[in-house]
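So you can see what is in the structure, the chains are spelled out below.
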Amino acid sequence: MSIKAERRPRLALFIAPPLTAALLAAVWSSNVVSELENVTIDRRFRARAESDPPPDPRIAMIGIGDYSLKRVGRWEEWTRDVHGLFSEKLALREPSVLAFDFFFPEASRDPAHDFAFADGLAQNPGAITGLRIDTSTAEEALEGSTRQDMGKTKPLTSIKGDRSKLLRGTRGSAPILDIAQSSWTGVVNCPPSETDGMRRRIPLVAALGDQVYPSLVLQVLMQAEEATPASVEIDLGNFVSLPKKEGGEWKIPIDSHGMMLINYRDTDRLEIFDYIALLGYLGGFEETGDWPAEFPPINNQIVFVGQSAAGLQDFGPTPYHSIDPLFRVQATALDNILQSDYLSEIPMWKILAIWLALAWSTVFILRRASVTLEVIIPAALVLGYIALAFYLFQSNSIVLPLVLPVIGFVLIHATVIGDRLVLELREKRYIKGVFSSYVSPEVVDQIVDSGQTPELGGERVNITILFSDIQGFSTFSEALEPEELVELMVEYLSELTDIITDSGGTLDKYIGDAIDAMYGAPLPLPNHAYHGVMSTILMQRKQADLRELWASQGRPDLVKNMRTRIGINTGPAVVGNMGSTRRFNYTMMGDNVNLGARCESGAKSYGVYTMITHETYQSAREHRDDIVYRYLDQIVVKGRTLSVKVYEVIEIEDLVSSDTKRCIELYQTGFNHYLESQWDEAIAVFEQSAELELFQPDSDPSISTNPSRVMVARCAAMKVNPPDGEWDGIYRMTSK
């Protein structure tokens, strides 16, 4: 029996995409979406940084850097005669434009400083200083505003569109009259984004009162092209145009607010040279006529002056740095214009129209496809769209929105897939209902996940095998009532099984009190040997906790002295569905499985409670060496011909006492004597280590011996009957 997939109504498939498109349109301009989209745009800026072209060679960046502050003093203490001297000396190199990204709205305490600065500016025909408009006064009545004298800067008059959308205010920090008459003025406002604080658009025009003035960037371009305000045309929502002095015109795209999108290129390309260092070279040039090759030529260049020393105020984030000098933003905008390197956005309606067509087509085409195809094809389309967005951004500076189109497309197909999964879940429940009556729940889950009918057989897998058994369990059956024994086993098996499964192990089966488990199947488990060894430590700790609990409950001595022996081996084994054609279980088989069982039973011969093989020891230590082990012996277990080295698992190293560590050292020394057939020396050392053993028969009735005592007895016996010929040191066990 199987559940037929129910077909989704075509009407629902038809309506879902346009409803989703309407939702996308409703939140398109929200702050949250804008912030997320900006993150993807910044990632695109950084992704193409290595292929960014060099900046326009006409731009020179001069910064008030650390060297300048060291030579002149704190920025707040600078006087304008410093700028006057700089402007005067710079005029010797005849720059095309000298643009200060500062504003000077108040007179100096010493008028001579202002006169010196004004004189220096006057020697540079293209000198520009800043005007900051107070946008908080935008809603104040124009009648109450005071028109400020902009000196030789005249307002722009050829303007089309709604001026009320411009960056505006009725008051501003205009330069003092002496400076305004000696230089041109440009608006330095560049408001940060409300979502992430980054400057993403820069105004090219702004309104002060009822007059419209050029921004610093536009004023720089005007002076470089010797354009008058009357020659500049503003078409809000379309472009700013002005003539080139060599013919033709600039046509700069702007939005309805008079702002241009900033097409960031790696800001480190705009190398900043120190202000005072340049002033020193200008002095040398005046005397010798020599100019250093490492500094920009200045001649016929557009010189931007701004703050570049860490700790000054004119800094902000860019896609490349969390803190960047903001006059780099102004220079980046100018570089965009000079190289016609504009960032363009595709209108929302075009994106949503394409999105809707794609969503409709994929939903209808895939409605009868497999779930795998319903995941792979939309995922491939999403990845393709993301790749296209990065390609168009790098090659043509086109911004293809990512966040909403991708989320909307994923949402549509996630809904379709979710519908399919609900139907398949019903089918899985049916399978579980049919098969869980004769196979284990673990195997049922595998059947459901694979989608295949269970078959007999297995596969060869490298795993870690664990066997545990209660010491002397047959006496429990004799001493306890059946109900009491069952209750005890439920408590005991639950605690130890939880440790195994929590450590990544898989329960194979219970055989009375015994637990059979594996690590690394049916699902791969990295470092499964270490997980298996760590499980034994946790199991022995839990056994100790249970003994304390049972003692506090007044349980019989037999119960409160219960101990568990554990054996572990690591190696290839066959795992899979095994049994009869009508009833089978997921289990393990092979020589390594048998060896794991022999380790559990063999532990009794040495008086230890956790014994592992060399394969487990080596594999576990390759992952992490924080567990203390004791080498016990090299043995051949009954039923095998090959020998195996075996070890005792002690504890996490930080929890092992110095006495136990000393015991392990003595045991190893004694064992070395044993291998050399030095029986008396071995017995003497083993007797010393026996005093330090963790398990002492005299102190606990459940303990019968320990490794040191075992080796004392063996050495005494071999002293009487020494091995014949060349002895290989391998001990052959005669019982399981």
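Owing to the predicted nature of the structure, the values given are computational and were not obtained by experimental measurement. (Residues numbered from 1 in each chain as written. Predicted model: local features only at pLDDT ≥ 70, side-chain atom pairs only at ≥ 80, totals over all residues. Heavy atoms only, no water.)

Draft legend 1. A look at the overall build of the protein. Secondary structure summary: the protein contains 22 helices and 29 strands in total. For 736 residues, the compact-globule estimate of 2.2 N^0.38 gives 27 Å, and the C-alpha radius of gyration of the protein, at 42 Å, exceeds that figure by more than 25%. Its C-alpha atoms put the protein at 115 × 75 × 50 Å along the principal axes. Long-range pairs, those at least 24 residues apart, make up 74% of the contacts in the protein with a sequence separation of at least 6. Surface exposure of the protein reaches about 35200 Å², of which carbon and sulfur atoms provide 53%. (Helix = DSSP H or I, 4+ residues; strand = E, 2+ residues; numbered from the N terminus. Rg over C-alpha atoms; globule rule 2.2 N^0.38 Å. Contact = heavy atoms within 4.5 Å. Areas by Shrake-Rupley, 256 points an atom, 1.4 Å probe, with all protein chains shown as cover.)

Draft legend 2. Local environment of the packing of aromatic side chains. For the structure on display, the rule yields 25 aromatic pairs. With 5.0 Å between their ring centres and 75 degrees between their planes, Phe45 and Phe393 make a pair best called edge-to-face. A residue pair is termed long-range when its members are at least 10 positions apart, and Phe45 in helix 2 (residues 31-47) and Phe393 in helix 11 (residues 371-396) qualify at 348 residues. We classify Phe45 as buried; its relative accessible area is 2%. Members of the aromatic cluster, connected to one another through ring pairs, are Tyr617, Tyr629, Tyr631, Tyr647, Tyr667, Phe671, Tyr674, Trp679, Phe686 and Trp727. (Phe/Tyr/Trp six-rings, centres within 6.5 Å; stacked < 30°, edge-to-face > 60°. Buried < 20%, exposed > 50% of the residue type's maximum accessible area, 1.4 Å probe, protein only.)

Draft legend 3. Structural context of unusual backbone geometry. Of note, the phi angle at Asn527 is positive, near 55 degrees, even though the residue is not glycine. On the accessibility criterion, Asn527 (36% relative accessible area) is partly exposed. Of note in the backbone geometry, Ser677 takes a positive phi value of approximately 65 degrees without being a glycine. Its place among the elements puts Ser677 in the loop between helix 20 (658-675) and helix 21 (679-692).

Draft legend 4. View of helix 11. The end-to-end C-alpha separation of helix 11 is 37 Å, in line with the 38 Å expected for 26 residues at 1.5 Å each. Listed as buried for helix 11 are Val371, Glu374, Pro378, Val382, Ala389, Leu392 and Phe393. Once helix 11 ends, the next one or two residues include Ser397, with phi positive near 55 degrees. (Expected span 1.5 Å × (residues − 1).)

Draft legend 5. The arrangement of the environment of Leu392 in detail. One can find Leu392 in helix 11. Residues Leu392 and Thr501, spaced 109 residues apart in sequence, show a C-alpha to C-alpha distance of 51 Å. Those residues within four positions of Leu392 in sequence are excluded, and the remaining contacts are Ser397, Ile398 and Leu400.

Draft legend 6. Fine view of the sheet that holds strand 11 (residues 233-235). Taken in spatial order, the 4 strands make up an open sheet running 4-11-12-13, and their pairing is mixed. The two strands at the open ends of the sheet, each matched to only one other strand, are strand 4 (158-160) and strand 13 (249-253). Strand-to-strand twist in this sheet, taken as the mean axis angle between neighbours without regard to direction, amounts to 10 degrees. Two strands pair when backbone bridges link them, and strand 11 and strand 12 (residues 239-243) are joined in this way by 3 bridges, in the antiparallel orientation. Residue pairing for strand 12: Asp235 is matched across the bridge by Phe239. (Pairing = 2+ DSSP bridges. Axes fitted to C-alpha atoms, helices over the stretch in contact; angles between N-to-C directions.)

Draft legend 7. Spatial organisation of helix 9 (residues 327-338). With 12 residues, helix 9 extends 16 Å between its outermost C-alpha atoms, agreeing within 8% with the 16 Å of an ideal straight helix rising 1.5 Å per residue. Counted residue by residue, helix 9 has 12 buried out of 12 residues, so it is predominantly covered. Along helix 9, the residues that are buried comprise Phe327, Arg328, Val329, Gln330, Ala331, Thr332, Ala333, Leu334, Asp335, Asn336, Ile337 and Leu338. Taken from the residues just after helix 9, Ser340 is the one with a positive phi, measuring 50 degrees.

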